[in-house]
Amino acid sequence: MTARRPSLATQVSRAVWWNTLFAPLRLLAEVLATLVKLNQLSQAAFGLLALVRGASNLFGTALDLGIARALPKYIPETERAGGTRAARRLFLLVATLQLAILLVIALGLALSHRRIERYLQGLLSGEVAVEAVARAELSQFVAEFHWLIIAAIVILLGLGALYDLLMAVLSSFFRQKAWNSIALAAGLLPQVLVVIAILALPDRWDILGVLVAMVLAPAIAVALAGWQVWRLQAGLEMEPGPGLLADLRDGLRDLRQALPPGFVRYAAVSYLMTATDFIASFEFINFFNSDIRDVSLLAAGALLVRMALSYLYTPMVGVQVPLFARVRQGEGGTTNGAYQSLVRLQLLLMVPGGVGLVLLAGPGLLVISPQYLDAAPIVWVLTPCLFSESMLTTAHNALMVHERLGTVIAARLMALLTVVALALWLPAQFGLIGMALTFGLARVAAGLWATLAGIGLLGLRWPWRFTLRVSAATAVMGLAVAGMRGLIGVPAGEIDLVARLGLALQLLALAAVGAVIFLLALRLLGGLDPADRAQVLKLRLPFQWVIQRLI
């Protein structure tokens, strides 16, 4: 038996509330961290760090095995069927399996250290006069400390896997307050440690300091997540039994009993999804760039889009899969009702947000770092792709929970085939823009396939009337922002810090005006349907009285 928990509606409302409350703080942390890296490090150094992070995610994909995506579904089901000890045994079993795989990956990287060094030196050998000194210093660093780069990748792998497992447990029980607190710490700590490393260490050693920060920050986040999971377990009623080692031994002795029915199949499909997600990402595509500057530009543009998208998606973080799982278990509502509520909320945020990002990307990059202004076209092509994919993926989550795995496999294979097909043509024709379109369009293709399948198999219905209203209001907002954008005073020539701050204030004011115009236009066009309005108000979002007046 577990401790009695609030109703499903109450749990989801709390999750959305905490997600929304912490959103500005998490965005501020990510913005500050990005600003520090883009402005204090050379493009070569930023590109190298992007490759380190990409390598960590590459091998992390191999390590994941679909477990991180499967746990939010199977922990609640396992706890419901077998109690908290069964859920704990499942956690210990998958953690042990990932540790064994991590050791194999670490050995392979150690044996390949010379090949890794030659690859990095090749990226730094391009003839770019503006960063010749920075490239030479970084080349020497790679020659002396490539083994340290490999060690950082291995440690990041282990910490990342454990962090995902612990956060999946918190998400499964709708502990969004703890989840967001830890995510906020994980976002703030790298920024603080990076600044310390840059200010305290000579230029030649700043990259070393950043590598240490990249390892230390997730280590602290893992400790915080572990403490919260321990507190969660202490708050649940647990039947008496043997200790952790005995639970693990029993699980290894009888895997069929320890693993819930369908877990392996679900995790395998989730693994395919994780692998195709990574293949259809800038981090994977960046491995095919031949110069470190191209690596940094693609990473900067994609990170800006992903940063904006993650902020707008914040209310749905950790909510979709547990919500669909509990609805399927009969705890309230219907699958189509949950689907439409999630899609409407995303449309309300992402359609105007995406248009605003495209319109303000150029001056926004001038504020962030003028040396990355060439990344603006990457933002223009990635924003519609990634924002659309995010909304289309809602049907994918519903299909996963309902175990329509054949359809999900087809969608992920669609993404993989699209990447391969586009990669043979687009990069050669359009360079970095072609690389961005390669993984962006692949994501859209997979999401569209999943949405069409959800309509046919689960009876999902896209909220077309609301989509038209939001689109019309966004068009009004877009025309107004495009017209007012010409009033922004963009400095000519060298842009100093004061000019960038002034430009930032103008962009913030313009964004605020655009948001007001959008809400007014939406209200004049009819706003939300009565049922939609009641559903939104039931979520008990922050600033409820303001939302009630606007909708």
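Conventions adopted
Residues numbered from 1 in each chain as written. Predicted model: local features only at pLDDT ≥ 70, side-chain atom pairs only at ≥ 80, totals over all residues. Heavy atoms only, no water. Helix = DSSP H or I, 4+ residues; strand = E, 2+ residues; numbered from the N terminus. Buried < 20%, exposed > 50% of the residue type's maximum accessible area, 1.4 Å probe, protein only. Contact = heavy atoms within 4.5 Å. Areas by Shrake-Rupley, 256 points an atom, 1.4 Å probe, with all protein chains shown as cover. Axes fitted to C-alpha atoms, helices over the stretch in contact; angles between N-to-C directions. Left-handed = near helix turned anticlockwise from the far one by under 90°. Nonpolar A, V, L, I, M, F, W, Y, C, P; charged D, E, K, R; others polar. Lys, Arg positive; Asp, Glu negative; His and termini not counted. Salt bridge = Lys/Arg side-chain N within 4 Å of Asp/Glu carboxyl O. Patch = residues over 30% accessible without salt bridge, like charges linked within 9 Å, V, L, I, M, F, W, Y side chains within 5 Å. Core = buried A, V, L, I, M, F, W, Y, C linked by side-chain atoms within 4.5 Å. Expected span 1.5 Å × (residues − 1). pLDDT = per-residue confidence, 0-100. Parallel < 35°, antiparallel > 145°, perpendicular 65-115°, else oblique. Polar contact = N/O pair within 3.5 Å; in protein donor to acceptor, adjacent residues only side chain to side chain.

### What about the overall build of the protein?
Check the secondary structure of the protein and you find 22 helices and 0 strands. Relative to its 551 residues, the protein shows a buried fraction of 51%. A separation threshold of at least 6 residues defines the contact pool for the protein, and within that pool the share at least 24 residues apart is 83%. Accessible area for the protein stands at about 24400 Å²; split by element, carbon and sulfur atoms hold 68% of it.

### Here's the deal with the packing of helix α2 (residues 43-64) against helix α4 (residues 84-111)
In contact at an axis separation of 9 Å, α2 and α4 are set at 145° when each is read in the N-to-C sense. In terms of crossing hand, the pair formed by α2 and α4 is right-handed. Residues Phe59, Ala62, Leu63 and Asp64 of α2 form the contact with α4, whose participating residues are Gln98, Ile101, Leu102, Ile105 and Leu109. A class-by-class count of the residues in the contact of α2 with α4 yields 7 nonpolar, 1 polar and 1 charged.

### Re the side chain of glutamate 283
By the element assignment, glutamate 283 lies in helix α12 (residues 282-285). For the buried residue glutamate 283, which engages in no salt bridge, the nearest side chain bearing the opposite charge is arginine 306, 4.1 Å off. Once you skip the residues sitting within four places of it in the chain, glutamate 283 turns out to touch Arg53, Gly54, Asn57, Phe278 and Arg306.

### Overview of a nonpolar patch on the surface
Among the surface-exposed residues, Val212, Leu216, Ile220 and Leu224 lie close enough to one another that they form a single nonpolar patch of about 290 Å² accessible area. Summarising the element assignment, leucine 216 is placed in helix α8 (residues 206-234). Residue classification places leucine 216 among the partly exposed residues on the basis of a relative accessible area of 40%.

### Concerning the nonpolar core
Across soluble globular proteins, you tend to see nonpolar side chains buried next to one another. Counting residues in hydrophobic clusters, the biggest one holds 150 residues, and the most contacted among them are Leu71, Ile149, Leu211, Phe263, Leu298 and Leu382. A total of 20 residues in this core trace back to one element, the largest contributor, which is helix α6 (residues 132-172). Ignoring any residue separated from it by four or fewer positions in sequence, one finds leucine 298 in contact with Phe282, Ile285, Asn286, Asn289, Ile378, Leu432, Met435 and Ala436.

### Overview of helix α20 (residues 497-524)
With 28 residues, α20 extends 41 Å from end C-alpha to end C-alpha; this agrees with the ideal 40 Å at 1.5 Å per step. For α20, every residue scored as buried is listed here: Arg500, Leu503, Ala504, Leu507, Leu510, Gly514, Phe518, Ala521 and Leu522. Within two residues after α20, glycine 526 carries a phi angle of roughly 115°, on the positive side.

### Some words on the environment of leucine 189
Along the chain, the position of leucine 189 falls in helix α7 (residues 176-200). By relative accessible area, leucine 189 is classed as partly exposed at 22%. Note: C-alpha distance between leucine 189 and alanine 33 (156 residues apart in sequence) is 9.1 Å. With sequence-adjacent residues up to four places away left out, leucine 189 is seen in contact with Ala217 and Ile220.

### Description of the confidence of the model for the protein
On average, residues of the protein score 80 in pLDDT, and 79% of them reach the 70 mark or higher. Per-element averaging of pLDDT across the protein places helix α9 (residues 244-253) at the bottom with 53 and helix α19 (residues 464-485) at the top with 92.

### Some thoughts on the packing of helix α16 (residues 376-401) against helix α18 (residues 426-457)
Axis separation between α16 and α18 bottoms out at 7 Å; the angle between their running directions is 25°. When the interaxial angle is binned, α16 and α18 end up roughly parallel. Of the two elements, α16 crosses α18, and the hand of that crossing is left-handed. Its residues assigned to classes, the contact of α16 with α18 comprises 20 nonpolar, 5 polar and 2 charged.

### A look at helix α11 (residues 263-279)
Between the first and last C-alpha of α11 there are 24 Å, a value that for 17 residues agrees with the 24 Å anticipated at 1.5 Å per step. Those residues of α11 that fall on the buried side of the exposure criterion are Phe263, Tyr266, Ala267, Val269, Ser270, Met273, Thr274, Thr276, Asp277 and Phe278.

### Focus: the side chain of arginine 500
By the secondary structure assignment, arginine 500 is in helix α20. We classify arginine 500 as buried; its relative accessible area is 14%. A polar side-chain atom of arginine 500 sits 2.8 Å from a polar atom in the side chain of asparagine 39. Filtering out sequence-adjacent residues up to four positions away, arginine 500 remains in contact with Asn39, Leu366, Val367, Ile368, Ser369, Pro370 and Ile495.

### Regarding unusual backbone geometry
The backbone of leucine 65 shows a phi angle near 60°, a positive value even though the residue is not glycine. Position of leucine 65 among the secondary structure elements: in the loop between α2 and α3 (67-82).

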